[in-house]
Structures are given as structure tokens and as C-alpha cells.
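Take a look at the letters that make up each chain.
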Amino acid sequence: MSSAVAEHPYDIYTAAQLRACSGSPRADQVPGFVYTATNIIAYEAIQNIPLATFSVLRETRLFWNAALWVLLFQTSLSRTQWLGVSGIFVGCTVSQLPVMMTSEFTPEVMWVLVLAFLTAAGGVMTEYAMKQRAAVDINLQGCVIYVTSCCFTVSFLLVARSHLFLSAADFFHGFEPECMQIVALQVLQGLTVSRILKHVESVTKSIVSSLCSPLLTFIGSVVMKYHLRPHEIMASLVVFLSCMLYLKDGPLGFGQPKDTMTWTAASASSSRGWP
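From a predicted model like this one, the values you see are computed outputs, not experimental measurements.

Parameters at a glance
- Residues numbered from 1 in each chain as written.
- Predicted model: local features only at pLDDT ≥ 70, side-chain atom pairs only at ≥ 80, totals over all residues.
- Heavy atoms only, no water.
- Phe/Tyr/Trp six-rings, centres within 6.5 Å; stacked < 30°, edge-to-face > 60°.
- Helix = DSSP H or I, 4+ residues; strand = E, 2+ residues; numbered from the N terminus.
- Buried < 20%, exposed > 50% of the residue type's maximum accessible area, 1.4 Å probe, protein only.
- Core = buried A, V, L, I, M, F, W, Y, C linked by side-chain atoms within 4.5 Å.
- Contact = heavy atoms within 4.5 Å.
- UniProt positions renumbered as here; feature names shortened; annotations may be inferred.
- Patch = residues over 30% accessible without salt bridge, like charges linked within 9 Å, V, L, I, M, F, W, Y side chains within 5 Å.
- Areas by Shrake-Rupley, 256 points an atom, 1.4 Å probe, with all protein chains shown as cover.
- Salt bridge = Lys/Arg side-chain N within 4 Å of Asp/Glu carboxyl O.
- Expected span 1.5 Å × (residues − 1).
- Axes fitted to C-alpha atoms, helices over the stretch in contact; angles between N-to-C directions.
- Parallel < 35°, antiparallel > 145°, perpendicular 65-115°, else oblique.
- Left-handed = near helix turned anticlockwise from the far one by under 90°.
- Nonpolar A, V, L, I, M, F, W, Y, C, P; charged D, E, K, R; others polar.

Points about the packing of aromatic side chains
Tallying each qualifying case throughout the model produces eight aromatic pairs. Both rings, one in Trp69 and one in Phe73, keep their centres 4.8 Å apart while their planes meet at 25°; by these two values the pair is stacked. Here Phe73 and Trp69 lie together in helix α5 (residues 61–73), a separation of four residues that amounts to about one turn. The same class applies to Trp69 as to Phe73, namely buried.

Quick look at the structure:
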């Protein structure tokens, strides 16, 4: 046994990771299902709901993200952090509220709220799956999540869009160079986010992502030579200050998952030839 480990240490290590990863398959498969539902609902919502309404209601994901993280990881956010989350929501939505109030409200608006919930749930569940098996290779975890998502997507197409499989021309109808750009960006985003969630909690990730709004506003105004209106400047400043307020308390803390310690101890034992 010891000679086998010495000759093929990588194969033994990979097998141990596969056993650890398969110990609780649902932890990795649930995010795949959630991401599939999120993508389907996102395209339907964008097509049928005014952009201003979509932009405002989508930002409720910040509250869902914080609430789901607290529930799943059994910890809490400080009042300062909740205030920061609320400030970011106000800053991101205040410029769109007047347009939203003049838009027609339809039952489809509920899909945006569902989308906001699923977006937050996907991030929190991915983080949970990553940290529940923290010793497992991140690329292996990513493969399980994204292959599962592909399977759910194909299943949805077979049931709801079966006509697309009649021919290759039907299946690839509408694929333009822009579609490949979106695919490439989504792949890079997925690889980046999974690595972030391996080491940082999803709430902080969402908060830091919100900093893109004020940064892009000011950078875009300089590049495009566009004069910002007072309410746009104020909204960007509110988002920036709220992010700083949230980050002031530092990252959220939680204990090491039990599964991680169990796997680490088991792998250390097997590497030494212990029973």
C-alpha cells in the first residue's frame, strides 16, 4: 500500500477527493439547479418587464443574500452591516424609482423578486458547497456544479423547447458573435466567483461587487465626456459610503465546517498508513 502511494500519490489523492466530494452530492448539485432556474427566469424577466422596474427589484438580492447567509451559516450581521446593505440598496435604486413608479405593474414583476431570491441563493449555496468540502480541489467542485447545471438546462430544453432539437440549424438559430462573447464572459465570471467564494463569504462578495456601480458611473462619465446629474453623483456616493460602512466591521466569521475537518483527518491518516 505504501509503495502504491509513493508511485502514484496524485491518483490516490484524486480518489480521496472524489470520495469526499461524492459524500454529499446534493450540496454541489443544488447550486447547479438554482443557476439553471436563475438563467431561465432572467431572460424571461428582461423580455417582459420594464428595465427600471427590473433594476430596482433585482437589488433586493442584497437583503436575500444577507438573510440566507445568516440562516445557513448560523451567524449574524451587525447593525452597522445591515445599515450598509440598506444604504447600498437605496443608492442603487434611487435613480430608477421615479421611472419605476410611472411603469405599469404586471404579474410578471413577481418573477424579478423570484430572480433576486434565486441569485442570492445560488451564491450562498455555492459558498456552502465549496466550504463544506474545503479540502476538495476547487476545479472538481466546479465541474460537479456546472455539469449539473448543464444537465438541468438540457432537461428544460427537452421538455419546454423540444422543437430546438429537430435540426442543428434550429438549435443554433440566433447564435451571433455576441453570444460567444457572453459565453466567454460567463465562463470567466464563474471561474472567478467560485474562487472568491472558496475564501470569502458571498455577502462580502456582493457588497464589493456593488462598488462597480459608482466606479463605472464616474469612469464612464470621464470616458464618454458625459456630465453627471446631481442625483447620479449622490446615488454613487451613497453606494460607496455604504460599502465602506459595511466593510468597516471586517469579514464575517464562522467556524470550520465539520466535513472539512473530517476529510482532512481521514486523508492525513491514510497518507501515514494509519487505520
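Describing unusual backbone geometry
For Gln74, which is not glycine, the phi dihedral falls at a positive 55°. Inspection of the secondary structure puts Gln74 in the loop between α5 and α6 (79–93).

Thoughts on the nonpolar core
Judged by nonpolar contacts, the single largest core of 31 residues is most densely connected at Phe54, Ile88, Val112, Val203, Ile207, Cys243 and Tyr246. Those elements that place two or more of their residues in this core are α3 (25–48), α4 (51–58), α5, α6, α8 (109–132), α12 (202–210) and α14 (230–247). At seven residues, α8 tops the list of elements feeding residues into this core. Ignoring anything within four residues of it in the chain, the contact list for Ile207 reads Val85, Ile88, Cys243 and Tyr246.

Let's talk about the side chain of Ser206
Topologically, Ser206 is positioned in helix α12. Ignoring sequence-local partners within four residues, the contact set of Ser206 consists of Leu62 and Asn65.

A word on the UniProt feature "transmembrane region" (unreviewed entry) in the chain
The UniProt record annotates "transmembrane region" (unreviewed entry) at residues 82–103, 109–130 and 142–160. Secondary structure across residues 109–130 divides into 100% helix and 0% strand, with the first and last C-alpha atoms of the span separated by 32 Å. Here residues 142–160 runs as 100% helix and 0% strand, with 27 Å between its end C-alpha atoms.

Digging into a nonpolar patch on the surface
A surface patch of nonpolar side chains, amounting to about 1000 Å² of accessible area, comprises Val154, Leu158, Val159, Phe165, Phe171, Phe172, Phe175, Met180, Val183, Val187 and Leu191. Among the elements of the structure, α9 (138–160) and α11 (177–199) are those that each provide at least two residues to the nonpolar patch. If you tally residues by element for the nonpolar patch, the top one is α11, at four residues. With respect to the helices and strands, Val183 occurs in helix α11.

Re the pattern of salt bridges
All told, the structure shown has three salt bridges when counted by the stated rule. Between Arg61 and Glu59 there is a salt bridge, with its nearest N and O atoms 3.6 Å apart. Accessibility expressed as a relative area gives 6% for Glu59, which makes it buried. Taken together, the shared-partner salt bridges in this structure form one network comprising Arg58, Glu59 and Arg61.

Some words on α6
Because the α-helix completes a turn every 3.6 residues, residues three or four places apart line up on one side. Between its terminal C-alpha atoms α6 stretches 21 Å, which fits the 21 Å expected from 15 residues at 1.5 Å a residue. Residues of α6 that are buried include every one of Gln81, Gly84, Val85, Gly87, Ile88, Phe89, Gly91, Cys92 and Thr93, and no others.

With respect to the packing of α6 against α14
Where α6 contacts α14, the axes come no closer than 8 Å and their chain directions differ by 160°. By the angle between their axes, α6 is roughly antiparallel relative to α14. The two elements α6 and α14 meet at a crossing, and its hand is left-handed. For the pair α6 and α14, the contacting residues are Thr80, Gln81, Leu83, Gly84, Val85, Gly87, Ile88, Gly91 and Cys92 in the first and Ala235, Val238, Val239, Ser242, Cys243, Leu245 and Tyr246 in the second. Per-class residue counts for the contact of α6 with α14 are ten nonpolar, six polar and no charged.

Observations concerning the environment of Leu118
Here Leu118 lies in helix α8. Leu118 gets classed as buried once you look at its relative accessible area, which sits at 15%. For Leu118 and Ala37, which are 81 residues apart along the polypeptide, the C-alpha to C-alpha distance reads 7.7 Å. Excluding anything up to four places from it in sequence, Leu118 contacts Val34, Ala37, Thr38 and Ile41.

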